[in-house]
Amino acid sequence: MCLGLSWAHVLGDAFSASAFVNMFGQIASGHKLPKYLHVPNPGKSKFPPSTRKEANSIKSVDRLGDCWLIPSNSKMDTYYFQVTQIQLEHMVTKICARNQAAKVSNFDVLSAVIWKYLCDIREEVGPSTVTICTNNNSNREYEYPTNGMVLSMVEADLSGVKADLSQVVELLAEKRVNENNVIEEMMEKENGEADYIVYGANLTLLNLEEAKIYDLELKGHRPIFANYAINGVGDEGVVLVLPGAGGTGNGLTVTMVLPENDLASLKSKFERDWNIV
């Protein structure tokens, strides 16, 4: 059995989509649900807010109306691969210093590898800025759907960083600037009349490690494999990091939507350096 869902951010983010699917399973199985949904409690970001007047993590586009897919200057392709728990541990051990490994997440390490590889592939054209999408509250059970993602930005010129990926990991883990406050102010000034994109405005790294994509249960069975993909991505591309096949403790699934030339080179580097295909 295969179950698919098409979802838009006007309804909520990926965590809300997962909660929706899981609730569908409970209803289909005849479970009694609460009469009311609670209002989400947005957590507080540990990263400092931006002091800029305009956000760099979003990009203005021409008015799209009811068509939410933006025209792209690149031919985009989608590819996903599995990273086992053993492979993750090997990557963390090889890349991070001993005192650093305990402070960073698998998402930080994978994102650092992908960012550095893309800088090598694209050479002088970057990407020097990345957008990081994280979540302060992964437990969305019985909550109203919402867009609770935290959009942060990291800027760095990686052209001088040779093989020391630990520096890139440190940038992603500790040097983020939260742009949610700036984005909210921009939206208020525009009165909701302007259109912007997030995914692909910069290289966008989306942390869904804690998304409950394997909690759907139908007649006692849970998913063997679950994944997300995104349409309407800008030219810089997006990377999604999700729980691996079967759920927590089974490694991670990495889904990438990137220009097809970048994607081919990236796949070769992962196979060459980490035996990941």
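Everything discussed here concerns the structure shown above.
Residues numbered from 1 in each chain as written. Predicted model: local features only at pLDDT ≥ 70, side-chain atom pairs only at ≥ 80, totals over all residues. Heavy atoms only, no water.

Peer 1: I would appreciate a short explanation of the overall build of the protein in the present structure.
Peer 2: For the protein, the count of helices and strands is seven helices and nine strands. For the protein, whose C-alpha radius of gyration is 19 Å, the value lies close to the compact-globule estimate of 19 Å for 277 residues. Every one of the 277 residues in the protein was classed for burial, and the buried ones make up 45%. Taking the intrachain contacts of the protein between residues at least 6 apart in sequence as the baseline, contacts between residues at least 24 apart amount to 75%. When the accessible surface of the protein is totalled, it reaches about 15,500 Å², and 50% of it is carbon and sulfur. A distance of 5 Å separates the average location of the 25 positive side-chain charges in the protein from that of its 34 negative side-chain charges. (Helix = DSSP H or I, 4+ residues; strand = E, 2+ residues; numbered from the N terminus. Rg over C-alpha atoms; globule rule 2.2 N^0.38 Å. Buried < 20%, exposed > 50% of the residue type's maximum accessible area, 1.4 Å probe, protein only. Contact = heavy atoms within 4.5 Å. Areas by Shrake-Rupley, 256 points an atom, 1.4 Å probe, with all protein chains shown as cover. Lys, Arg positive; Asp, Glu negative; His and termini not counted. Charge placed at Lys NZ, Arg CZ, Asp CG, Glu CD.)

Peer 1: Is there a simple way to explain the nonpolar core in this structure?
Peer 2: A general feature of soluble globular proteins is that nonpolar side chains tend to end up buried together. With 41 residues, the main nonpolar core has Met-91, Leu-110, Trp-115, Met-256 and Phe-270 as its most contacted residues. By residue number, the principal contributor to this core is helix H4 (residues 106-122), which donates ten residues. Counting residues in hydrophobic clusters, the runner-up holds 23 residues, among them Phe-15, Tyr-199, Ile-230 and Val-257. (Core = buried A, V, L, I, M, F, W, Y, C linked by side-chain atoms within 4.5 Å.)

Peer 1: Just to check I follow, could you spell out the packing of aromatic side chains for this structure?
Peer 2: For any pair of aromatic rings, geometry is given as the distance between the ring centres together with the angle between the planes. Taken as a whole, this structure holds five aromatic pairs when the rule is applied. Ring plane angle 85 degrees and centroid distance 5.5 Å describe the contact between Tyr-117 and Phe-270, whose orientation is recorded as edge-to-face. With a gap of 153 residues between them, Tyr-117 in helix H4 and Phe-270 in helix H7 (residues 260-274) connect regions that are remote in the sequence. Residue Phe-270 is classed as buried on the basis of its relative accessible area of 1%. Three or more aromatic residues link up through ring pairs in this structure, and these residues are Tyr-79, Phe-81, Tyr-117 and Phe-270. (Phe/Tyr/Trp six-rings, centres within 6.5 Å; stacked < 30°, edge-to-face > 60°.)

Peer 1: In this structure, what is going on with the pairing of strand E8 (residues 238-243)? I would like to understand it.
Peer 2: Looking along a regular strand, one sees side chains alternate from face to face of the sheet. Where burial is concerned, most of E8 is hidden: six out of the six residues are buried. Sheet topology note: the strand E7 (residues 203-207)/E8 ladder contains four bridges and is parallel. When the sheet's bridge partners are listed, Leu-206 is paired in E8 with Leu-240. (Pairing = 2+ DSSP bridges.)

Peer 1: Would you explain the state of the cysteines in this entry?
Peer 2: Structurally, a disulfide amounts to a covalent bond that connects the sulfur atoms of two cysteines. Going through the model one piece at a time under the given rule, you end up with zero disulfides. For Cys-96, which is in no disulfide, the shortest distance to another cysteine sulfur is to Cys-119 and amounts to 18 Å. Classification of Cys-96 by relative accessible area gives buried; the value is 8%. (Disulfide = S-S within 2.5 Å.)

Peer 1: What is the right way to read a nonpolar patch on the surface from this model?
Peer 2: Together, Met-1, Leu-3 and Phe-24 line one region of the surface with nonpolar side chains, adding up to about 390 Å² of accessible area. Along the chain, Phe-24 falls in helix H1 (residues 14-28). The exposure class of Phe-24 is partly exposed, given its relative accessible area of 38%. (Patch = residues over 30% accessible without salt bridge, like charges linked within 9 Å, V, L, I, M, F, W, Y side chains within 5 Å. Salt bridge = Lys/Arg side-chain N within 4 Å of Asp/Glu carboxyl O.)

Peer 1: What is the right way to look at the side chain of Ser-166 in this model?
Peer 2: Mapped onto the elements of the fold, Ser-166 is located in helix H5 (residues 165-174). Residue classification places Ser-166 among the buried positions, given a relative accessible area of 15%. Ser-166 has contacts with Ile-95 and Gln-100, leaving out every residue within four places of it along the chain.

Peer 1: Looking at this structure, how should I read the environment of Ile-58?
Peer 2: Along the chain, the position of Ile-58 falls in the loop between H1 and strand E1 (59-61). Every residue in contact with Ile-58, bar those within four places of it in the chain, is listed here: Leu-151, Ile-183, Met-186, Met-187, Tyr-196, Ile-197, Val-198 and Ala-201.

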